[in-house]
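# What the coordinates show
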Amino acid sequence: MPLRTLKELEKLAGTQNRRPASDVKSHWREIVEDVREYGEVIVTNYNRPEVVIVSIDRYAKLRRDAVANDPLTALRAEFDHELAALGEPDAASKLRRIFSSSPAQIAKAANASVSRRKG
């Protein structure tokens, strides 16, 4: 669940590094100093969080962590592995057999496959 309230953000970042949006243009240097001191600055608009300003180093780390922990990476690898089976010599006959199967036969094969993976 994404953070949406100021209270939720303040639990993570604290209250000392909050600035109204009107400060961004007129006090940019001070905001940059706050980012260096506190790690991030929450910019609010009418006391609602709008954005969080972070240092370039912190941003780079967040991006690296996001890529390293991307849940789609494992899913892509599994999909590629399954897709590679279509390149096997007997893939065409297996597909014909699958497409001519009844729903009950497909369900039985799917359940057997799940059982093999768990065991």
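Overview of the structure. (Residues numbered from 1 in each chain as written. Predicted model: local features only at pLDDT ≥ 70, side-chain atom pairs only at ≥ 80, totals over all residues. Heavy atoms only, no water.)

## Describing the nonpolar core
Counting five residues, the largest nonpolar core consists of Ile31, Val35, Val41, Val43 and Ile53. Every element with two or more residues in this core is listed here: helix H3 (28-38) and strand E2 (40-45). (Core = buried A, V, L, I, M, F, W, Y, C linked by side-chain atoms within 4.5 Å. Buried < 20%, exposed > 50% of the residue type's maximum accessible area, 1.4 Å probe, protein only. Helix = DSSP H or I, 4+ residues; strand = E, 2+ residues; numbered from the N terminus.)

## Some points on the sheet that holds strand E1 (residues 18-20)
Here three strands make up an open sheet; going across it, the order is E1-E2-E3 and the pairing mixed. Looking at which strands have only one partner, the edges of the open sheet turn out to be E1 and strand E3 (48-54). Between one strand and the next, the sheet's axes are offset by a mean angle of 30°, whatever the strand orientation. As defined by bridge partners, E1 adjoins E2 across three bridges and the pair is classed as parallel. Residue proline 20 lies in a different strand from E2, and its bridge partner there is threonine 44. (Pairing = 2+ DSSP bridges. Axes fitted to C-alpha atoms, helices over the stretch in contact; angles between N-to-C directions.)

## Regarding unusual backbone geometry
One non-glycine residue, tyrosine 46, lies in positive phi territory at about 55°. For tyrosine 46, a relative accessible area of 73% translates into the label exposed. The phi angle at asparagine 47 is positive, at roughly 65°, despite the residue not being glycine. Relative to the assigned elements, asparagine 47 resides in the loop between E2 and E3.

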